[in-house]
Amino acid sequence: MGKAKKRSLALGVKNKISNITRESAITRIVENIEEKTEAIELITLFGVSAEELLEAGASYEDVVSFGRILK
(Lines give C-alpha, C1' and ligand atoms only; values in the text may rest on other atoms or scores of the structure.)
Protein backbone atom coordinates (compact mmCIF):
# COMPACT_ATOMS: atom_id res chain seq x y z
CA MET A 1 0.00 0.00 0.00
CA GLY A 2 1.31 3.39 -0.93
CA LYS A 3 1.95 6.34 1.37
CA ALA A 4 -1.00 8.38 0.10
CA LYS A 5 -3.45 5.53 0.59
CA LYS A 6 -2.11 4.94 4.11
CA ARG A 7 -2.59 8.62 4.91
CA SER A 8 -6.12 8.55 3.56
CA LEU A 9 -6.92 5.51 5.64
CA ALA A 10 -5.26 7.06 8.67
CA LEU A 11 -7.69 9.94 8.37
CA GLY A 12 -10.41 7.33 8.04
CA VAL A 13 -13.48 7.26 5.91
CA LYS A 14 -15.73 9.11 8.33
CA ASN A 15 -13.27 7.95 11.02
CA LYS A 16 -14.67 4.41 10.90
CA ILE A 17 -11.66 2.53 9.57
CA SER A 18 -7.99 2.69 10.35
CA ASN A 19 -6.52 -0.11 8.26
CA ILE A 20 -8.29 -1.98 5.49
CA THR A 21 -7.24 -4.38 2.75
CA ARG A 22 -8.58 -4.43 -0.78
CA GLU A 23 -10.52 -7.64 -0.10
CA SER A 24 -12.14 -6.27 3.04
CA ALA A 25 -12.97 -3.03 1.20
CA ILE A 26 -14.82 -5.01 -1.48
CA THR A 27 -16.68 -6.94 1.20
CA ARG A 28 -17.57 -3.71 2.97
CA ILE A 29 -18.83 -2.19 -0.29
CA VAL A 30 -21.11 -5.17 -0.95
CA GLU A 31 -22.43 -5.15 2.64
CA ASN A 32 -23.12 -1.40 2.63
CA ILE A 33 -24.13 -0.95 -0.99
CA GLU A 34 -27.25 0.98 0.02
CA GLU A 35 -25.10 3.71 1.60
CA LYS A 36 -23.89 5.15 -1.69
CA THR A 37 -21.50 7.76 -0.28
CA GLU A 38 -19.38 5.31 1.71
CA ALA A 39 -19.40 2.78 -1.15
CA ILE A 40 -18.36 5.42 -3.68
CA GLU A 41 -15.49 6.58 -1.46
CA LEU A 42 -14.14 3.03 -1.14
CA ILE A 43 -14.63 2.29 -4.85
CA THR A 44 -12.67 5.36 -5.90
CA LEU A 45 -9.98 4.83 -3.24
CA PHE A 46 -9.24 1.25 -4.29
CA GLY A 47 -10.25 1.41 -7.97
CA VAL A 48 -12.66 -1.50 -7.65
CA SER A 49 -14.08 -2.94 -10.87
CA ALA A 50 -17.63 -4.07 -11.55
CA GLU A 51 -16.44 -7.64 -12.02
CA GLU A 52 -14.91 -7.70 -8.53
CA LEU A 53 -18.17 -6.54 -6.97
CA LEU A 54 -20.21 -9.09 -8.89
CA GLU A 55 -17.85 -11.88 -7.82
CA ALA A 56 -18.17 -10.72 -4.21
CA GLY A 57 -21.95 -11.12 -4.35
CA ALA A 58 -23.37 -7.75 -5.33
CA SER A 59 -26.47 -7.81 -7.52
CA TYR A 60 -26.21 -6.71 -11.13
CA GLU A 61 -28.71 -3.89 -10.59
CA ASP A 62 -26.68 -2.45 -7.72
CA VAL A 63 -23.47 -2.56 -9.74
CA VAL A 64 -25.12 -0.90 -12.74
CA SER A 65 -26.45 1.88 -10.46
CA PHE A 66 -22.87 3.06 -9.86
CA GLY A 67 -22.52 3.80 -13.56
CA ARG A 68 -19.21 5.29 -14.70
CA ILE A 69 -17.59 5.18 -11.27
CA LEU A 70 -16.70 1.53 -11.78
CA LYS A 71 -14.03 0.48 -14.25
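Please read these numbers as outputs of a predicted model, since none were measured by experiment.

Section: the packing of aromatic side chains
Throughout the structure, instances matching the rule amount to zero aromatic pairs. Residue placement shows lysine 36 over the ring face of phenylalanine 66; its charged tip is 4.5 Å from the ring centre.

A word on helix α2 (residues 22–31)
For α2, every residue scored as buried is listed here: Ala25, Ile26, Ile29 and Val30. Seen end-on, α2 carries its buried residues on one side only, within an arc spanning 135°. Of the exposed residues in α2, those oriented more than 90 degrees away from the buried face are Glu23 and Glu31.

Some details on the environment of serine 59
Tracing the sequence through the fold places serine 59 in the loop between α4 (50–56) and α5 (60–65). By relative accessible area, serine 59 is classed as partly exposed at 30%. Distance from serine 59 to valine 30, taken between C-alpha atoms, is 8.9 Å for residues 29 residues apart in sequence.

What counts, and where the lines are drawn
- In every chain, residue numbers begin from 1 and rise along the written sequence.
- In keeping with the model being predicted, local features are shown solely for residues with a pLDDT of at least 70 and side-chain atom pairs are shown and tallied solely at 80 or more, while totals for entire chains, interfaces and linings include all residues.
- Side-chain measures here rest on the full set of heavy atoms in the structure, leaving out hydrogens and waters.
- Aromatic pairing here means that ring centres of Phe, Tyr or Trp (its six-membered ring) are within 6.5 Å. Orientation follows from the plane angle: under 30 degrees is stacked, over 60 is edge-to-face, and everything else is tilted.
- The rule is short: NZ of Lys or CZ of Arg within 6 Å of the ring centre and within 35 degrees of the ring normal puts a charge over the ring.
- In this scheme, a residue with accessible area under 20% of its type's maximum is buried, one over 50% is exposed, and one in between is partly exposed, where area comes from a 1.4 Å probe on protein chains only.
- Only DSSP runs of H or I with at least four residues qualify as helices, and only runs of E with at least two residues qualify as strands; both kinds are numbered from the N terminus onward.
- The arc in question is the one traced by the directions running from the helix axis out to the C-beta atoms.

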